[in-house]
Structures are given as C-alpha cells and as structure tokens.
Amino acid sequence: MIDTQSETTGKRLAVVGAGAVGGAVVNLASSYGHTVTAFADSTSAAIDPNGIDTDAALARKDETGTVGEADSTVAVDATYDVLVEATPTTLGDAQPAFSHLRTALERDRDVVLANKGPVAERYTDVKQVVRDSDGSIRFEATVGGAIPVLSTVEDFSPAQVTAVRGVLNGTANFILSRMAAEGLDYEHVLAEAQDLGVAEADPAFDVEGTDAALKCVILANVLSTDDREYTLSDATVNGITNIPGSALELAAEEGRTIRLVGEATPTGVHVGPRLIPQNTALAVTGTRNIVQLETTSAGQLNLSGRGAGGPETASAILADINRL
C-alpha cells in the first residue's frame, strides 16, 4: 500500500529534565516541527509561550549549570500541549515525576515519559490519573531507548504477546562482551567502561540488574491482562557483579556465552545472567540491546538497536509525541 502525504501537527512542549535525554529533546524538537515553550532543570527554567531560544538555553546550561531565570517548579504550569518528563528515575514514590505528570494530566495535557519511575512503581496510580483526564500518556522511551518495543506490543495487542525477553542494559552487556572477548575480569572491564563513559561512577543501577528489572516491570504491567500491578519488589533480580572471567571462558569452550537477560510475562519478572548459545539473537555485543517478543500468531519477533543515549532516547520520545 502506498501512503499518501501525511502531516504532523506541531506541538508545544514543556521539557522537564535537562540531562542527556531532555537536552536532546530540546535540541531536536524543531526538526520534528515542535516548539519548546518550557525547559526546566532541577533548579531553574526557561519559559516563553511563543517558544524559548533552545540554543541559548542549552548553551546556558553548559556554561552556568542552569537553563534560565525562572524557578524550575513553574514549568509544569506553563503553556504547552505535551509534558516531556525526563528527570532521573526514582524508586518507591516515583517523585517528583509522578507529581509532574499528575499536574499535566489534571490540566488535560498529554504526557510523554522517559522517566521509568511512575510506570514501574505506580502504574495503577498513573492509570487512575489518566482515566480522570482528557489527556493521555505514552512511555516508549522507558524501555529500550530507540527500539520501538512498547509500540510494537501495542500494535499486536498485549493479549497477543505471551512473553518479552531481552538484553536491556547496555552497560552490563558491554562489560560481559569485553570479558568474553578479552578474557578479562569484571573489575578490570568495569574500570574501562567507566573511563569510556559507558558506566557511571556508581554503576550499581546497571550492573546489579535494577535498570533491566525496571524495564521488565514496565513490560509486565503493559502485558498484564488482569489489572495486576507489578513493581520492582515483585521482580526476581540478579546482577553480573559476581561473574568471574573464568565463567565466560568455560562457556566459550561449549560454544556459549553469558548475557544479563530480563524476561516479562503476564505472570512475573525475572532478570539474571543466562548461558546462551553464541551467534544467536540474544548474544548481542557492546552496548547494543535486543528484545524478543513471543506472539501467539506471528511467532518470535526480534527488535534490536541502541537501548540508551540522549539522541536515541529522544527519538523515542518524539515518536511518541507524533503518535499523540
């Protein structure tokens, strides 16, 4: 079928969070036809109902650590069509992200999340706020960066997807890939990953499996057919910190390797190191991610790509805005 020319209506965006992802959304918004009317970091905001000077705001952030003169709290009350929530993920009460999305939805605005907290820790609360609003919420960017995992599940219908599994953390995968390729121990490769900027100074969120588990929890919530809510506390999680280099050498002798694999089904979440055959779909290398969908009518689908990064994750956010 040949698609005729379509047009995306430009939206006014309020972007809360000025890290790599929020900054990339602000930088790319105009190329997607959108206008940024509010941009906030943790202490300041740039506000203009006609559109802020995004280049100036980003330059100011680099030079001074702030994006504007206004207080950061006014961004969610500004003039916008879509709130982009890109603050750092927090666990438990998922604040301040949950309050941000609730304020926007109570104003009947749409919300696009990069922050995993609300849909991983307060999914039932989020659904209730959406029910009471004329706005809607999308969160493609919370799982798999640029990979269209949630939109693919949506297209097939969650009832037609029996399980989702994959390699969902680039830091852990980089470390395991390097350990296998070079015969190095965990601590050596971790230090290398930190030098390259692939791992954080405190890598616990990635290497202990928390990040992958949050993504799988979100998938389990989306797949749930009985309104059960999953949170991180419902997941079985093991990381990669205790894997010796010798384990990868032994695996290689048998034509296998080790990857941190997460799995979400309508009944649970499990994350941990797994022995898998080399040269199969799950044996992705470096920071690459892969997600496998098990479907009732189409069999297994593999989606692979960049699972993190500012522009990559921003592309998922901007795709969600277009879907609105």
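None of the values given here were measured: they were computed from a predicted structure.

Quick look at the UniProt feature "binding site: L-homoserine" (unreviewed entry) in the protein chain now. UniProt tags E200 as "binding site: L-homoserine" (unreviewed entry). Inspection of the secondary structure puts E200 in the loop between helix 8 (186–196) and helix 9 (204–207). Once residues lying within four places of it in the same chain are set aside, the contact partners of E200 are Q194 and D206.

What follows deals with a negative patch on the surface. On the surface, D185, E187, E249 and E253 cluster together to form a negatively charged patch. For E249, a relative accessible area of 44% translates into the label partly exposed.

Strand order in the open sheet formed by 6 strands is 9-11-10-8-12-13, and the pairing between neighbours is mixed. Strands with a single pairing partner mark the edges of an open sheet, and in this sheet they are strand 9 (236–237) and strand 13 (299–306). Relative to strand 13, strand 12 (residues 288–295) is paired through 8 bridges, and the arrangement is antiparallel. Considered in strand 13, the bridge of Q292 is made with N302. Relative to strand 10 (residues 256–265), helix 7 (residues 170–182) is tilted by about 160°, and along the sheet it contacts strand 8 (161–167), strand 10 and strand 12. Across the face of the sheet, helix 11 (residues 245–253) comes into contact with strand 10 and strand 11 (268–277) while running at roughly 95° to strand 10.

Residue position: R138 is located in strand 7 (residues 137–138). Of note is the side chain of R138, whose polar atom sits 2.7 Å from the side chain of E154. Apart from residues lying up to four places away in sequence, R138 is in contact with V111, V112, L113, E154, D320, R323 and L324.

For the rest of this paragraph, the subject is the pattern of salt bridges. On inspection of all chains with the given rule, the structure shows 17 salt bridges. The residue K127 makes a salt bridge to D227 at a minimum N-O spacing of 3.7 Å. Of this pair, K127 sits in helix 5 (residues 123–131) while D227 sits in the loop between helix 10 (210–223) and strand 9, and the two are 100 residues apart along the sequence. Overall, D227 belongs to the exposed group, its relative accessible area being 61%. Where K215 meets D211, a salt bridge forms, and the shortest distance between an N and an O atom there is 2.9 Å. Here the residue K215 and the residue D211 both occupy positions in helix 10, the gap between them amounting to 4 residues, near one helical turn. When its relative accessible area of 6% is taken as the criterion, D211 is described as buried. Within this structure, R138, E154, D320 and R323 form a network of salt bridges that share partners.

Calculation notes
- Residues numbered from 1 in each chain as written.
- Predicted model: local features only at pLDDT ≥ 70, side-chain atom pairs only at ≥ 80, totals over all residues.
- Heavy atoms only, no water.
- UniProt positions renumbered as here; feature names shortened; annotations may be inferred.
- Helix = DSSP H or I, 4+ residues; strand = E, 2+ residues; numbered from the N terminus.
- Contact = heavy atoms within 4.5 Å.
- Patch = residues over 30% accessible without salt bridge, like charges linked within 9 Å, V, L, I, M, F, W, Y side chains within 5 Å.
- Areas by Shrake-Rupley, 256 points an atom, 1.4 Å probe, with all protein chains shown as cover.
- Salt bridge = Lys/Arg side-chain N within 4 Å of Asp/Glu carboxyl O.
- Lys, Arg positive; Asp, Glu negative; His and termini not counted.
- Charge placed at Lys NZ, Arg CZ, Asp CG, Glu CD.
- Buried < 20%, exposed > 50% of the residue type's maximum accessible area, 1.4 Å probe, protein only.
- Pairing = 2+ DSSP bridges.
- Axes fitted to C-alpha atoms, helices over the stretch in contact; angles between N-to-C directions.
- Polar contact = N/O pair within 3.5 Å; in protein donor to acceptor, adjacent residues only side chain to side chain.

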